[in-house]
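Geometric and topological summary
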Amino acid sequence: MADWYKINNIEQIDSPALVVYPERIQENIDLAIQIARGTNKLRPHVKTNKMREVCAIMLKSGITKYKCATIAEAEMLALVNAPDVLLAYQPVGPKIERLIELIKAYPDTRFSCLVDNEENAKAISDLCRENNITLNIFIDLNIGMDRTGIKPEKAIDLVQAIIDLPRIHIAGLHGYDGHIHDEDTEIRCKKSDISFALAEKAYKEIKPLLPHPIALVMGGTPTFPIHIHRENCECSPGTFVFWDWGYKHMLEDLPFKYAAVVISRVISIIDSTHICIDLGHKSVAAENPLPRVHFLNASEATPVAQSEEHLVLNVPDSNIYRIGTVLYGIPVHICPTVALYDKAYVVDHNEKIDEWKIIARNRYINY
């Protein structure tokens, strides 16, 4: 439907605002499950949606394993009774204590975290021992992202150094290949093969050291369709649930649908070819150069300048716009855009029907 995004009772929504469409969210989840040939090897990352209600939809769809980036996201998942939650972050300092308090507060959720450093593993082990809990850990591998993780060839040394530490249990390996997002699917596959080979070599070296099976977690949205068919590999796409302009036009082989939109209004007519809307840096992810948003009902509008609360657009003829005209935009990057809002309006069949709190945009919920 060409006008799927339009909202009949739009006067009930002040702008700027984030709007989500549950029917399309469900379709994206179903497609991810279809690509993965089931839910067993899916471990979606919830950094994109940050909402209990979206996580509940995934749970209802049969997905039981999840990945997150913050303690708040981990607690959000526990609040909806997610069985298995991997904090894809190495906790340091006070964050270790927060994770332990979270584990004690939500015993029905199995939590795990990343480790790439012997000293920090010992700190985690000490606090786990003091609190009489056992924590699953995943060795974080640097497979090309050059952000976190130990070099794969050094992973076996780390495992040998921490394998006997009390109260930590090595559950697997983790490697994020977020540096791979080539438009050309053949190039993307080749780069994915290279990253996987690095992780697989470490996996084969470490597996014999442990008396139990271990998992391998890797593959964000661009690469999960490639990795999902590999043995013992869990994949953690995140952006797929909402999709955005960047991935839509970068990954044309993945037919996910837009399921989140930013709403804005024309607030000033500048001249014959320029208008201003209320969609500033604080309302759409600003880490990319302009354009940071594209408009479904104004494809000819080109962003030319942006400040905290304003976005100036170049248009062929400003006479076709009136003050208050509503524009429906698709962000280039949806993940940090979601984090700019405290709630999302829920639209079903072109009607605003509900509001969902973006609970994990905050760093703290209870712990």
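Since we're looking at a predicted model, the values are computed, not measured. (Residues numbered from 1 in each chain as written. Predicted model: local features only at pLDDT ≥ 70, side-chain atom pairs only at ≥ 80, totals over all residues. Heavy atoms only, no water.)

A few points about the domain arrangement of the protein
- Along its sequence, the protein is organised into domain 1 (10–17 + 258–357) and domain 2 (23–240).
- A C-alpha centroid distance of 34 Å is found between domain 1 and domain 2.
- With eleven residues of domain 1 at the contact, the number on the domain 2 side is 13 residues.
- For the domain 1 and domain 2 pair, buried surface summed over both sides reaches about 980 Å², with 65% attributable to carbon and sulfur atoms. (Domains from an automatic or database assignment. Contact = heavy atoms within 4.5 Å. Buried area = accessible area lost by both parts, 1.4 Å probe.)

Details of the sheet that holds strand 3 (residues 84–87)
- One open sheet holds the seven strands; their spatial order is 2-3-4-5-6-7-8, and the pairing between them is parallel. The open sheet has two edge strands, strand 2 (65–68) and strand 8 (233–234), and neither has a second partner.
- Note that strand 5 (residues 135–141) and strand 6 (residues 168–175) share seven bridges and pair parallel. The residue bridging L135 from the neighbouring strand is I168, located in strand 6. (Pairing = 2+ DSSP bridges. Helix = DSSP H or I, 4+ residues; strand = E, 2+ residues; numbered from the N terminus.)

So, the UniProt feature "domain: D-serine dehydratase-like" (unreviewed entry) in the protein
- The positions UniProt marks with the feature "domain: D-serine dehydratase-like" (unreviewed entry) are residues 259–348.
- Helix makes up 6% of residues 259–348 and strand 44%. Its end C-alpha atoms lie 11 Å apart. (UniProt positions renumbered as here; feature names shortened; annotations may be inferred.)

Describing the pairing of strand 14 (residues 326–331)
- For strand 14, the tally of buried residues reaches six of six residues, placing the bulk of the element in the interior.
- In this sheet, strand 14 lies alongside strand 9 (residues 260–271) in antiparallel orientation, the contact comprising four bridges. By the bridge assignment, S264 is partnered in strand 14 with L327.
- Relative to strand 14, strand 11 (residues 293–295) is paired through three bridges, and the arrangement is antiparallel. Directly across from H294, in strand 14, lies its bridge partner I330. (Buried < 20%, exposed > 50% of the residue type's maximum accessible area, 1.4 Å probe, protein only.)

As for the pattern of salt bridges
- By the definition in use, this model includes 20 salt bridges.
- Taking the shortest distance from any N to any O, the salt bridge between R43 and E234 comes out at 2.8 Å. One end of the pair, R43, is in the loop between helix 1 (22–36) and helix 2 (52–60); the other, E234, is in strand 8, with 191 residues separating them in the sequence. You'll find R43 and E234 in the same group, each marked buried.
- Two residues, E118 and K122, come together in a salt bridge whose shortest N-O distance is 3.2 Å. Highlighted residues: E118 and K122, both in helix 5 (residues 118–130), separated by four residues, approximately one helical turn.
- A relative accessible area of 37% places K122 in the partly exposed class.
- Overlapping salt bridges, with partners in common, bring together R43, K65, D84, R110 and E234 in one network. (Salt bridge = Lys/Arg side-chain N within 4 Å of Asp/Glu carboxyl O.)

Topic: the packing of helix 6 (residues 155–162) against helix 7 (residues 185–206)
- Close contact between helix 6 and helix 7 brings their axes to 9 Å; oriented N to C, the two are set at 35 degrees. The element helix 6 and its partner helix 7 pack so that their crossing is right-handed. In this structure, helix 6 uses A155, I156 and V159 to contact helix 7, whose residues at the interface are A202, E205 and I206.
- A per-class count over the contact of helix 6 with helix 7 returns five nonpolar, no polar and one charged. (Axes fitted to C-alpha atoms, helices over the stretch in contact; angles between N-to-C directions. Left-handed = near helix turned anticlockwise from the far one by under 90°. Nonpolar A, V, L, I, M, F, W, Y, C, P; charged D, E, K, R; others polar.)

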